[in-house]
Amino acid sequence: MKGISYSRFGGSEVLEYGDLPEPKLSQNAVIVRMKAAAINPADIALQAGLGESMMETWFPVVPGWDLAGIVERVGAGVTEFQPGDEVVAYTHQEILHSGTYAELASVPVERLWRKPRNASWSEAAGLPLAGLTAYRAVIDTLRVSDADTVLVLGASGGVGSMATQLAVASGATVIGSASGPHQAYVTSIGAEPVLYGDGIVERVRNHAPNGVTAIMDCAGHGALAKAMAAAAPGARLCSIADGGPGVTTVFARPDTKILARLVDLVEAGSLRVTVAASFALADAADAQEALKARTYGPGKIILVPAAA
Ligand SMILES: NC(=O)c1ccc[n+]([C@@H]2O[C@H](COP(=O)([O-])OP(=O)(O)OC[C@H]3O[C@@H](n4cnc5c(N)ncnc54)[C@H](OP(=O)(O)O)[C@@H]3O)[C@@H](O)[C@H]2O)c1
């Protein structure tokens, strides 16, 4: 099979496109033919060696944890899926070795759910990691309700766009920060847009004079510290990218119950995945650079295999 791999830590220059051994099929896994795979900042961080203190790395590494595709083969113990099923997966593994930037991936059955019927392959591939993170943060951690005014930092990003929509669907009033070119997008997903950067507190206070009751930081880079003074007394603070006193930090976790809920929300029209750009699998290095530069608009950067 064709795929992307790296054999040393580094930036996008370490990525190589070529022939790779096909993944093996264990009893409780399925082999999925990848139709689309999302690029995530975690791929780039792990590739740079930033996960070394937390997880083993077995070179060569196929990066990537997000996938939409078609089940090709099922393990001897799998009754839940069959060849031909259209699925999505957050394939997170504890050892960095076999990911989703490849034509085939072996996925443990507890990482899979069916693909939303109304989503394209690219939209579906962008759902698992970002959606699971946003759901854990907005629904399970902040427990956002219609009594809240929520500030989402990074509302135009892969996770932030979903966090915004989940908060809107929960009935909250949502203020979302983004760069100038992405303000209209933030409006389109149901939030009141504000520019990030210096002066954000005043801009948020224009929309919420008494302060916001919750802040969901999906941006990192100190954005939460800059916006903190826009919080009302007792506001709940959550981040996926920064820590600090009183801040609950949330990490993506594989969870098929939540993945199923996300698929239902997409099918109900309450959540949509925005695709910023699609790149050929062979051009994964360009795709990673695009994610870093964020020049392609809001939402997710996606890889697609060469047409058969
Ligand atoms: N804890 C976890 O499990 C987990 C899971 C996923 C991601 N993350 C982390 O969360 C962050 C976002 O991930 P993502 O996939 O959503 O990334 P992304 O798609 O690149 O989105 C980044 C967001 O941050 C905004 N932003 C960029 N620079 C900013 C600045 N200086 N101040 C304020 N906002 C800024 C961007 O706005 P514009 O595009 O409008 O400039 C965009 O909305 C990354 O740090 C990632 O590593 C953590």
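Because the structure is predicted, anything quoted here is derived from the model rather than measured. (Residues numbered from 1 in each chain as written. Predicted model: local features only at pLDDT ≥ 70, side-chain atom pairs only at ≥ 80, totals over all residues. Heavy atoms only, no water.)

**With respect to the overall build of the protein chain**
Logical step 1: When its secondary structure is counted, the protein chain shows nine helices and 17 strands.
Logical step 2: For the protein chain, the spread of C-alpha atoms along the three principal axes comes to 60 × 40 × 35 Å.
Logical step 3: By residue count, 54% of the 308 residues in the protein chain fall in the buried class.
Logical step 4: Expressed as a percentage of contacts within the protein chain between residues at least 6 apart in sequence, the contacts between residues at least 24 apart total 69%. (Helix = DSSP H or I, 4+ residues; strand = E, 2+ residues; numbered from the N terminus. Buried < 20%, exposed > 50% of the residue type's maximum accessible area, 1.4 Å probe, protein only. Contact = heavy atoms within 4.5 Å.)

**A word on the nonpolar core**
Logical step 1: Core analysis: the largest hydrophobic core is formed by 87 residues, its most contacted members being Met216 and Ile301.
Logical step 2: Looking at this core element by element, the count peaks at eight residues for strand S3 (residues 29-39).
Logical step 3: Each of two domains, domain 1 (2-127 + 273-304) and domain 2 (130-249), supplies a minimum of three residues to this core.
Logical step 4: Excluding its chain neighbours within four sequence positions, the residues that come into contact with Met216 are Ala137, Val138, Leu142, Val150, Leu151, Val152, Leu153, Ala163, Cys238, Ser239 and Ile240.
Logical step 5: Of all hydrophobic cores here, the second largest spans 18 residues; its members include Leu153, Ile200, Ala208 and Ala231. (Core = buried A, V, L, I, M, F, W, Y, C linked by side-chain atoms within 4.5 Å. Domains from an automatic or database assignment.)

**Describing the site of the ligand**
Logical step 1: In the neighbourhood of the ligand, 23 residues make up the surrounding shell, with Ser179, His182, Tyr196, Ala252 and Arg294 lying closest.
Logical step 2: With respect to the ligand, the backbone of Gly158 contributes an N or O atom lying 2.8 Å from an oxygen atom.
Logical step 3: One nitrogen or oxygen atom from the main chain of Ala252 is found 2.6 Å from an oxygen atom belonging to the ligand.
Logical step 4: For the ligand, whose free accessible area comes to 930 Å², the fraction covered by protein is 80%.
Logical step 5: Grouping the constituent residues of the shell around the ligand by class yields 15 nonpolar, seven polar and one charged.
Logical step 6: Here the shell around the ligand spans two domains, and each of domain 1 (2-127 + 273-304) and domain 2 (130-249) adds at least three residues to it. (Near = heavy atom within 4 Å. Polar contact = N/O pair within 3.5 Å; in protein donor to acceptor, adjacent residues only side chain to side chain. Areas by Shrake-Rupley, 256 points an atom, 1.4 Å probe, with all protein chains shown as cover. Nonpolar A, V, L, I, M, F, W, Y, C, P; charged D, E, K, R; others polar.)

**Examining helix H9 (residues 284-293)**
Logical step 1: Along H9, the residues classified as buried are Ala284, Ala287, Gln288, Ala290 and Leu291. The buried residues of H9 occupy an angular sector of 155° when the element is viewed end-on, so they sit on one face.
Logical step 2: Where H9 is buried, its residues touch strand S1 (2-5), S3, helix H1 (41-47), strand S16 (275-280) and strand S17 (300-304).
Logical step 3: Arg294 sits one or two residues past H9 and shows a positive phi near 50°. (Arc of directions from axis to C-beta.)

**Notes on the environment of Ser179**
Logical step 1: By the secondary structure assignment, Ser179 is in the loop between strand S11 (173-178) and helix H5 (183-188).
Logical step 2: What makes Ser179 buried here is its relative accessible area of 18%.
Logical step 3: Taking the C-alpha atoms as reference points, Ser179 and Ala155, separated by 24 residues in sequence, lie 9.5 Å from one another.
Logical step 4: Beyond its immediate chain neighbours, meaning those up to four positions away, Ser179 contacts Leu195 and Tyr196.

**A closer look at the sheet that holds strand S10 (residues 149-153)**
Logical step 1: With parallel pairing, six strands are arranged side by side in an open sheet as S12-S11-S10-S13-S14-S15. Both outer strands of the open sheet, strand S12 (192-195) and strand S15 (247-249), are each paired with one neighbouring strand and no more. Along the sheet, successive strands turn relative to each other by an average axial angle of 20°, direction set aside.
Logical step 2: Both strand S13 (residues 212-217) and strand S14 (residues 231-239) contribute to a ladder of five bridges, which runs parallel. Residue pairing in the sheet places Met216 in a bridge with Cys238 of S14.
Logical step 3: Across the sheet, helix H6 (residues 200-207) lies against S10, S11, S12, S13 and S14, angled at about 160° from S12, the strand it touches most. (Pairing = 2+ DSSP bridges. Axes fitted to C-alpha atoms, helices over the stretch in contact; angles between N-to-C directions.)

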